[in-house]
Structure formats: structure tokens, C-alpha cells
Amino acid sequence: MMPWLVQLRAVILKEIQQIRADKRILPVLVIMPFLQTTVFAWAINFEVDRVPTVIVDQDQTETSREHARRIVADGTLTEELVTTDPDAAWGELVAGRAAAAVIFPKGLERDVLRGDPAQVQVLLDGSDPNRSAVAGGVVARYLGERSMELIRADRKSTRLNSSHLVISYAVFCLKKK
């Protein structure tokens, strides 16, 4: 027989003898794991939603406003502040009042209408990696879907170039005060 198996058998026999010697420990061994599993199943929720987000709309057009509305539409991101100033967004991130900032640059609508790639920047507070990954994923998914819509529309037309939205990320680990 393998030595580790002999040791395991000895530990199991010792524990059984201990339980027989002290009957008060049996309910603790049976009830506590059940209670912990039950309580933790309801108490712990890893779903990320309502991530406070700053929208920086430097373009100030219907296109940029529509993109901002659609990005926060599912409730994963919540619009905490709408501004034209990227420094205000950075201030909100540093102060901990926001976990993400989506920046629509000046000329976004013009680039989309011309068929040129339009870049959208996302700033994420990386101090909570799960939340920043979800926030970045929401924006990336939306912009990817919208890019595919634009490309399909371009293929139906006679234009040679395809318009699409490009996302750039900047993830920062910010110390909370």
C-alpha cells in the first residue's frame, strides 16, 4: 500500500474517534457547511451592473448622443456625468465617483459619415479588475455591433471603403482615498 494512503487512513480513523469521543462536534460538522453554502449562495453576487460612467461628448452631435444613450441603455453602465471636458472625467475617475469614462472625440459624426474610422476612447479604473473588464466589454460589444452595421450598410452601397468605430482602452489602477 502507498505511504500517503496509509497516512490518510490514519487521519480518517483519528477523526472518527474524535467525533465519537465528543458528540457536540457532529452538528457543527454537518450543519455549518450547509448553512455557509446556503447563506453565501444568496449573499455573494458577482454580477456587475450600474458601473458609474462619465460620458465625454466632445462632438456634441446627434450621432454621439445616440451612441452614449445606447451604451448605457442596458443598465450595466450608468451615466454619472455628461461633459465635453476629458479633464473632468479624469477628475471623476481619480475621486472614485466614476469607474469608467467614454470619450467621443470631436469629428466623430463627420468621420462616420465620410466612411473613415472613428475612434472612441475608454478610460477604466483598474482597481476593480472585474468591474473594469465588464465596463470595457460593454463598450467594446456595442461599438463592435455598430461597426458591423456600418460595414454591412457600406457593402450595400457602391462605396469602396468601410466605415467603422475603433475603440482604444486606457486602464489605470487608481488608489482610493
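Note that the coordinates shown come from a computational prediction; the quantities given were computed from them, not determined experimentally. (Residues numbered from 1 in each chain as written. Predicted model: local features only at pLDDT ≥ 70, side-chain atom pairs only at ≥ 80, totals over all residues. Heavy atoms only, no water.)

Participant: Before we go on, may I ask you to explain the pairing of strand 3 (residues 100–104) in this structure?
Facilitator: For a regular strand, side chains alternate in direction, first toward one face of the sheet and then toward the other. Counted residue by residue, strand 3 has 5 buried out of 5 residues, so it is predominantly covered. Because side chains alternate across strand 3, one face comprises the buried residues Ala100, Val102 and Phe104, and the other comprises Ala101 and Ile103, equally buried. Taken together, the 4 bridges between strand 3 and strand 4 (residues 118–125) define a ladder with antiparallel strand orientation. When the sheet's bridge partners are listed, Ile103 is paired in strand 4 with Gln121. (Buried < 20%, exposed > 50% of the residue type's maximum accessible area, 1.4 Å probe, protein only. Helix = DSSP H or I, 4+ residues; strand = E, 2+ residues; numbered from the N terminus. Pairing = 2+ DSSP bridges.)

Participant: Explanation requested: the nonpolar core in the structure shown.
Facilitator: Most often, soluble globular proteins have nonpolar side chains that are buried together. The biggest cluster of nonpolar side chains holds 24 residues, and the ones touching the most others in it are Ile71, Leu77, Val102, Phe104, Val139 and Leu165. Of all the secondary structure elements, the ones that give two or more residues to this core are strand 1 (51–57), helix 3 (62–71), strand 3, helix 5 (108–114), strand 4 and helix 6 (129–156). Top element by residues in this core is helix 6. It accounts for 6 residues. Listed in part, the 9 residues of the second largest apolar core include Val56, Ala89, Ala101 and Ile103. (Core = buried A, V, L, I, M, F, W, Y, C linked by side-chain atoms within 4.5 Å.)

Limitation: the analysis is restricted to geometry and does not speak to function.
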